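# Fold and geometry: a report
Here's the letter readout for the chains.
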Amino acid sequence: MQQVRLGLIGCGGMGKALCDQAVTLPGVCVTAVSDVDAERCAEAAGKYSATAVADYADLVTRGDVDAVVVATPGGLHRPPVEAAAAAGKHVFSEKPLAATVADCDAMIAAVEAAGVKSMVGQVCRWHPTHRMLHKMVQGWPLGAVRSIYVERLGSGWGANSAPWRYSRELSGGTLLEVNAHELDFMLWVAGPVKRVMAVGGQMVDLRSDYPDCTWVSLAFESGAVGVLQSTGVTTLPSYAARLDCEHGSATAASFFGGEITYKLWEPGAETQTLKPDKVETPVLGEMRAFVTAIRDDTATAVPFREARRTVAVVEAAYHSIATGQAVEL
Ligand SMILES: NC(=O)c1ccc[n+]([C@@H]2O[C@H](COP(=O)([O-])OP(=O)(O)OC[C@H]3O[C@@H](n4cnc5c(N)ncnc54)[C@H](O)[C@@H]3O)[C@@H](O)[C@H]2O)c1
């Protein structure tokens, strides 16, 4: 079995979560780690018996690194991704791919010119309820999505309050730092978006420089319509979805692993509940998919070009909030 030796850039919470799972896969190890925070870098190096490298530019050119995992803040994914691609290394970038479409385009150009694999950590594709709903809209029982509503309502950054999360330039704001997941799901099940109209405002958390309460309306190329409700300002958190489709409707009141309730349009149809299929730890699932694509030389599950769509929707949403106009993509 081909060894896959990973280099990690950004040894914070998610970088370590990715590597903790990756090293459980046969033939996968972490050989080098880099972080601007020397203490974090040394700690991660000890954890994985890897070499601590102060500057990521020196990590990407190492002969003992086959693929690079980038888990710096979203607005800082581009420089290490470009460096890794230029060094001929496969790249896994955490979500969001970047905070701007311009950065996405530069990163796509870099990996495509280098001919390396690229993948973005849109981990909800490995979450059980998201996966089950995706399967249900492929044909039977639900069929094509006509209307989709997702709400992700939280209470601010809480324990995740690293200073970069308050900057749109560094994080992409809530719509990318959090809702890259929900928007990726909506695009995954309903297809590409052609028009975005959004309203939003900064209602509670004045430390950030972006709206913390938004409603994003989507017109899909298929003719379907959708709304994402996103807020960090509620005392009653909720993560839920409803899909109204060709053959019937489905709701998931608890999106992270909860049951799906659905009812078909058929005469006499009953409301049914379905437990999603059991899956492996989602972060393990995405790392397995990345490593498998490298070994089998196949397309990755979420190449950069696909993840760009989410960033484009969010950039359009911010523009729509600022101007009051709908934005064609
Ligand atoms: N999939 C998920 O559910 C999920 C959850 C949390 C975070 N994330 C994503 O993971 C990424 C990181 O988030 P986090 O929570 O781990 O943040 P974090 O603040 O815990 O870690 C980020 C790390 O990057 C380091 N860093 C910054 N600039 C660097 C550079 N130029 N070179 C090397 N290291 C650098 C920081 O010092 C820090 O250690 C973000 O893109 C975030 O959106 C995804």
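Note that the coordinates shown come from a computational prediction; the quantities given were computed from them, not determined experimentally. (Residues numbered from 1 in each chain as written. Predicted model: local features only at pLDDT ≥ 70, side-chain atom pairs only at ≥ 80, totals over all residues. Heavy atoms only, no water.)

### Focus on the sheet that holds strand 8 (residues 193–201)
Note the following rule: Two strands qualify as a pair provided DSSP detects at least 2 bridges between them. Starting at the N terminus, helices and strands are each numbered in turn, a helix being any DSSP run of H or I of at least four residues and a strand any DSSP run of E of at least two. Should any heavy atoms of two residues lie within 4.5 Å, those residues are counted as being in contact. Orientation is described by lines fitted to C-alpha atoms, with helices fitted over the stretch in contact, and by angles between N-to-C directions that extend from 0 to 180 degrees.
Ordered in space as 14-13-12-11-7-10-9-8-15, the 9 strands form an open sheet in which the pairing is mixed. Both outer strands of the open sheet, strand 14 (272–274) and strand 15 (327–328), are each paired with one neighbouring strand and no more. Here strand 8 runs beside strand 15; their pairing, made up of 2 bridges, is antiparallel. When the bridges of strand 15 are listed, V196 appears paired with V327. With respect to the sheet, helix 6 (residues 128–137) is in contact with strand 7 (145–153), strand 11 (238–245), strand 12 (248–252), strand 13 (260–264) and strand 14, its orientation differing from that of strand 13 by roughly 15°. Contacts from helix 9 (residues 180–190) reach strand 7, strand 8, strand 9 (213–220), strand 10 (225–231) and strand 11 within the one sheet, and its direction differs from that of strand 7 by about 170°.

### What about the domain arrangement of the protein?
Applicable threshold: Domain ranges listed in this record stem from an automatic or a database domain assignment. The term buried area means the drop in 1.4 Å probe accessible area that two parts suffer when joined, counted for both and summed. Should a side-chain nitrogen of Lys or Arg be within 4 Å of a carboxyl oxygen of Asp or Glu, the pair is scored as a salt bridge. Polar contacts here mean pairs of N or O atoms no more than 3.5 Å apart (in protein, one a potential hydrogen donor and the other a potential acceptor; neighbouring residues in sequence count only if both atoms are side-chain atoms). Each residue gets one label: Ala, Val, Leu, Ile, Met, Phe, Trp, Tyr, Cys and Pro are nonpolar, Asp, Glu, Lys and Arg are charged, and the others, such as Gly, are polar.
The domain boundaries assigned to the protein delineate domain 1 (4–122 + 282–302) and domain 2 (124–279 + 311–328). When each unit is reduced to the centre of its C-alpha atoms, the spacing between domain 1 and domain 2 is 26 Å. Of all residues in domain 1, K95, Q122 and P282 bury the most surface against domain 2, accounting for 37% of the area lost on that side. If you look at where domain 1 meets domain 2, you find 1 salt bridge. E177 is the partner of K95 in a salt bridge, and the nearest nitrogen-oxygen pair spans 3.8 Å. At the surface where domain 1 touches domain 2, the tally comes to 8 residue pairs in polar contact (both at pLDDT 80 or more). At the level of secondary structure, the elements contributing two or more residues to the side of domain 1 that touches domain 2 comprise helix 5 (101–114), strand 6 (118–121) and helix 10 (282–296). Considering each element in turn, the side of domain 1 that touches domain 2 owes the most residues, 4 residues, to helix 10. Looking at the side of domain 1 that touches domain 2 residue by residue, the class counts come to 13 nonpolar, 6 polar and 2 charged.

### A few points about the site of the ligand
Rule in force here: Note on terminology: near, applied to a residue and a molecule or strand, indicates that one of the residue's heavy atoms is within 4 Å of it. With residues, only the protein chains shown are counted as cover, and all accessible areas are computed by Shrake-Rupley using a 1.4 Å probe.
By nearness alone, 24 residues border the ligand, and M14, D35, R40, K95 and E177 come closest of all. Here an oxygen atom of the ligand and a side-chain polar atom of H77 are 3.0 Å apart. Contact between the ligand and E177: an oxygen atom at 2.6 Å from a side-chain N or O atom of the residue. Across the complex, the protein chains shield 83% of the 840 Å² of accessible surface that the ligand would expose by itself. Of the residues belonging to the shell around the ligand, the class tally is 10 nonpolar, 7 polar and 7 charged. When residues of the shell around the ligand are sorted by domain, at least three fall in each of domain 1 (4–122 + 282–302) and domain 2 (124–279 + 311–328).

### Section: the pattern of salt bridges
Opposite charge on two side chains lets them pair, provided their charged atoms get close. Per the stated rule, a full pass over the model turns up 20 salt bridges. Where E43 meets K16, a salt bridge forms, and the shortest distance between an N and an O atom there is 3.3 Å. Residue E43 is located in helix 2 (residues 38–48), and its partner K16 is located in helix 1 (residues 13–22); the two are separated by 27 residues in the primary sequence. Between E306 and R125 there is a salt bridge, with its nearest N and O atoms 2.7 Å apart. On the criterion of sequence distance, the pair formed by E306 in helix 11 (residues 304–323) and R125 in the loop between strand 6 and helix 6 is long-range, its members being 181 residues apart.

### Here's the deal with the packing of helix 1 against helix 2
How we decide: When an angle is under 35 degrees it counts as roughly parallel; over 145 it counts as roughly antiparallel; between 65 and 115 it counts as roughly perpendicular; any other value is oblique.
Close contact between helix 1 and helix 2 brings their axes to 12 Å; oriented N to C, the two are set at 10°. Between helix 1 and helix 2, the angle falls in the class roughly parallel. For the pair helix 1 and helix 2, contact is made by K16, C19 and D20 and by E43, K47 and Y48, respectively. Of the residues belonging to the contact of helix 1 with helix 2, the class tally is 2 nonpolar, no polar and 4 charged.

### Examining the packing of aromatic side chains
To be explicit about the condition: Two rings from Phe, Tyr or Trp (for Trp, the six-membered ring) form a pair when their centres are within 6.5 Å of each other. A pair whose planes differ by under 30 degrees is stacked, one over 60 is edge-to-face, and the rest are tilted. Buried, partly exposed and exposed residues are distinguished by accessible area as a fraction of the type maximum, computed with a 1.4 Å probe on protein chains only: under 20%, between the cut-offs, and over 50%, respectively. Charge over a ring is defined by NZ of Lys or CZ of Arg lying within 6 Å of the ring centre and within 35 degrees of the ring normal.
Summed over all chains, the structure comprises 4 aromatic pairs. Measuring from ring centre to ring centre gives 5.5 Å for F92 and F290, while their planes differ by 65°; the resulting arrangement is edge-to-face. In this pair, F92 sits in strand 5 (residues 90–94) while F290 sits in helix 10, placing the two residues 198 residues apart along the sequence. Both rings, one in F185 and one in F255, keep their centres 5.1 Å apart while their planes meet at 90°; by these two values the pair is edge-to-face. Of this pair, F185 sits in helix 9 while F255 sits in the loop between strand 12 and strand 13, placing them 70 residues apart in sequence. An identical accessibility class is assigned to F185 and F255; each is buried. Taken together, the ring pairs in this structure connect F185, Y239, F255 and F256 into an aromatic cluster. It is R152 that lies over the ring of Y239; its NZ or CZ is 4.7 Å from the centre.

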